[in-house]
Amino acid sequence: MDMLRFDPEAYAVKEAELDGRKVRYRAYENIVYAGNPIDPQYQKMNIYVPEIYYEAPERAPFELKEAPVFMPNSVGGYMPGLPQEPGRTFTGIMNGTFYALEQGYVVAAPGARGRGLKDKEGKNTGTAPACIVDLKAAVRYLRHNKDVIPGNTERIISNGTSAGGALSCLLGSTGNHPDYEPFLKEIGAADERDDIFAASCYCPITDLDHADMAYEWEFCGLDRYYFRDQPECCLTEEQRAMGEEEKRGFPPYLNSLALRDEQGRELSLEADGSGSFRDYIAGKVMESAEREEERGTEMAAFPWLKPEGGKGPDWDGYVRYRTRMKPTPAFDDVRLGTPENELFGSREEEARHFTEFSFKNSLVNGKMAEASQIHMMNPLNYMEDENSTVCGYFRIRHGTADRDTSLAISAELTLTLKKAGCDVDYALPWGIPHSGDYDLEELFSWIRRISSAGSRRKD
Ligand code: DHB
């Protein structure tokens with residue numbers, strides 16, 4: 001028997017209402033997408049189809065077999081994520097699933113394993129690369145059922161925020177790559193392709209193995225930090241010294257990526273952290289401010305945009321405006337206390353290091369994660385790898401008020417993808433903190449545009 005067969009009759013008609021708006025849809029819920037699941041509570045998916053396709057197909061925006069498939073993941077903090085339902089995001093606004101249904105898209109919302117999950121023996125089951133393996137298995141399930149499933153499985157558009165934004169980027173960058181194959185086999189994923197059509201990534205928390213250096217490249221020199229709702233804290237002398245060293249490590253790394261701007265000019269950093277790569281990001285901040293000003297916002301409260309006697313923005317002023325959120329090192333904690341340390345745990349170990357720097361400076365005698373595990377979580381490793389099918393379209397958003405990771409990270413992703421020939425829609429929306437789905441109208445006009453433009457995939 002085919003455990004991974006989709007049953008087109010196994011639905012309930014549901015209605016959701018939000019802020020006076022209503023959607024009616026067929027709900028196929030809790031479909032386990034792996035034949036040999038390790039945690040079926042998370043390795044499952046909800047598939048939703050707007051009821052208009054059955055009630056009044058002549059008014060639907062697509063033929064049902066042509067409707068693009070919106071694939072939101074609900075992973076946050078690299079924790080396990082349940083399949084998204086039409087409703088609100090963690091910031092309380094309408095989520096992509098609700099909006100997608102209203103606009104006539106099919107939604108396939110997978111859950112995924114994450115850090116902290118344990119089996120009956122108390123062993124860890126959600127460490128890396130479980131979360132990305134699960135999203136790939138969900139894509140494979142859809143393809144496995146392409147003849148009977150609503151929507152066009154060659155038009156899968158992934159969406160996620162933060163850790164989920166990182167996973168969306170990874171899903172878009174690693175299509176069909178053999179590195180993940182043994183893990184997919186282990187969970188009994190369908191033997192199908194797992195490349196997708198497009199990826200939308202809000203504030204991706206990624207390039208984790210270099211994110212500490214990137215963080216200090218921006219925030220070194222700010223000694224106070226403001227972590228979520230915790231009271232203001234001050235870095236210790238040891239943390240400051242580590243910050244200086246991490247900051248010095250970033251320019252050589254960034255320069256090794258050999259990035260270029262849209263005009264083909266080389267982007268690099270000097271030893272002190274200044275340089276054309278920083279100017280490139282500063283230019284994007286400025287563009288964002290100009291767009292905001294055109295909308296009529298009074299910008300006098302941001303004097304760093306127009307420094308006296310110089311060209312804006314004043315970078316140091318901008319970084320001070322954002323404030324530091326995390327102590328040093330920001331991701332690979334020398335006490336193994338971050339979500340990322342747990343992500344890189346193993347079946348036996350709760351948390352491990354994933355940078356040489358913190359491994360060397362570990363205060364808890366922490367172990368190092370395997371190089372292959374670290375490699376599989378970084379989309380930058382796959383964008384120019386000929387064994388991966390990188391999707392043709394990416395949309396990357398990182399708010400100008402976000403301090404969960406450095407703006408260098410989203411810029412590196414964008415520029416590496418462009419180098420690989422992808423069409424990348426990249427912007428730093430004005431004043432937006434760490435969050436996603438805040439511009440659904442724009443997100444879906446991008447989806448409409450790329451869906452009608454068609455595939456850019458190079459086989
Ligand atoms: C998320 C936020 C973080 O600051 C982080 O380090 C990892 C994940 C998140 O919101 O998903």
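Just so you know, these numbers come straight off a predicted model, no measurement behind them.

Visitor: Give a detailed account of the overall build of the protein chain, specifying residues and quantitative values.
Guide: Counting its secondary structure elements, the protein chain contains 14 helices and 13 strands. Computed over the C-alpha atoms, the radius of gyration of the protein chain is 22 Å, within 12% of the 23 Å expected from 2.2 N^0.38 for a compact globule of 459 residues. Reported as C-alpha extents along the three principal axes, the dimensions of the protein chain are approximately 65 × 55 × 45 Å. Looking at the protein chain as shown, the accessible area adds up to about 19,000 Å², and 47% of this sits on carbon and sulfur atoms. If you average the places of the 54 positive and of the 77 negative side-chain charges in the protein chain, the two averages end up 2 Å apart.

Visitor: Give a description of the pairing of strand E1 (residues 12-18) that names residues and reports values.
Guide: Where E1 and strand E2 (residues 21-32) come together, 7 bridges link them in antiparallel fashion. Note on E2: the bridge partner recorded for Lys14 is Tyr25. Taking the residues that link successive antiparallel strands as the turn, the E1-E2 hairpin has 2 residues, and the phi of Asp19 there is positive, at about 50 degrees.

Visitor: Would you mind going over the packing of aromatic side chains in detail, with residue names and values included?
Guide: The final tally for this structure, using the stated rule, is 25 aromatic pairs. Pairing Tyr215 with Phe219 gives two aromatic rings, centres 4.6 Å apart and planes at 40 degrees, and the pair type is tilted. Remark: Phe219 and Tyr215 occur in helix H6 (residues 208-219); sequence separation between them is 4 residues, near one turn of the helix. Of the residues examined, Tyr215 reaches a relative accessible area of 0% and is grouped as buried.

Visitor: Talk me through helix H3 (residues 130-144); I want residue IDs and the actual numbers.
Guide: With 15 residues, H3 ought to run about 21 Å at 1.5 Å a step, and its terminal C-alpha atoms sit 21 Å apart, in line with that. The buried fraction of H3 amounts to 14 of the 15 residues, a majority that puts the element mostly inside the structure.

Visitor: Requested: an account of the side chain of Thr125, with residues and values cited.
Guide: Locating Thr125 in the fold gives a position in the loop between strand E5 (106-110) and H3. Residue class for Thr125 comes out buried when judged on its relative accessible area of 10%. If near-sequence neighbours (up to four positions away) are discounted, Thr125 is found in contact with Ile38, Arg113, Leu117, Lys118, Asp119, Ala130 and Arg347.

Visitor: Please provide a residue-by-residue account of the sheet that holds E1, values included.
Guide: With mixed pairing, 9 strands are arranged side by side in an open sheet as E1-E2-E3-E5-E4-E6-E7-E12-E13. The strands lining the two open edges of the sheet, one partner per strand, are E1 and strand E13 (423-427). For this sheet the average axis-to-axis angle between neighbouring strands, irrespective of direction, equals 20 degrees. Helix H14 (residues 440-453) rests against strand E4 (68-72), strand E6 (152-161), strand E7 (198-202), strand E12 (393-397) and E13 of the sheet, and its axis sits at about 165 degrees to E12.

Visitor: Hey, could you go over the pairing of E2 for me, with residue numbers and the actual values?
Guide: Examined bridge by bridge, E2 and strand E3 (residues 44-50) share 6 bridges and lie antiparallel to one another. From the neighbouring strand, Val32 faces E3, where its bridge partner is Lys44.

Visitor: I'd love a proper account of the nonpolar core, names of residues and values included.
Guide: Ile47, Tyr141, Leu142, Phe250, Phe277, Met377 and Phe394 are the most contacted members of the largest nonpolar core, which has 104 residues in total. In terms of residue count, the dominant contributor to this core is H3 (9 residues). Taken domain by domain, the makeup of this core includes at least three residues from each of domain 1 (12-207 + 383-453) and domain 2 (210-255 + 324-375). Those residues in contact with Ile47 that lie beyond four places of it in its chain are Phe6, Arg26, Ala27, Tyr28, Ile31, Val106, Val107, Ala108, Tyr141, Leu142 and Ile149. Among the nonpolar cores identified, the runner-up in size contains 27 residues, and Ala16, Tyr99, Ile157 and Ala198 belong to it.

Rules behind the numbers
- Residues numbered from 1 in each chain as written.
- Predicted model: local features only at pLDDT ≥ 70, side-chain atom pairs only at ≥ 80, totals over all residues.
- Heavy atoms only, no water.
- Helix = DSSP H or I, 4+ residues; strand = E, 2+ residues; numbered from the N terminus.
- Rg over C-alpha atoms; globule rule 2.2 N^0.38 Å.
- Areas by Shrake-Rupley, 256 points an atom, 1.4 Å probe, with all protein chains shown as cover.
- Lys, Arg positive; Asp, Glu negative; His and termini not counted.
- Charge placed at Lys NZ, Arg CZ, Asp CG, Glu CD.
- Pairing = 2+ DSSP bridges.
- Phe/Tyr/Trp six-rings, centres within 6.5 Å; stacked < 30°, edge-to-face > 60°.
- Buried < 20%, exposed > 50% of the residue type's maximum accessible area, 1.4 Å probe, protein only.
- Expected span 1.5 Å × (residues − 1).
- Contact = heavy atoms within 4.5 Å.
- Axes fitted to C-alpha atoms, helices over the stretch in contact; angles between N-to-C directions.
- Core = buried A, V, L, I, M, F, W, Y, C linked by side-chain atoms within 4.5 Å.
- Domains from an automatic or database assignment.

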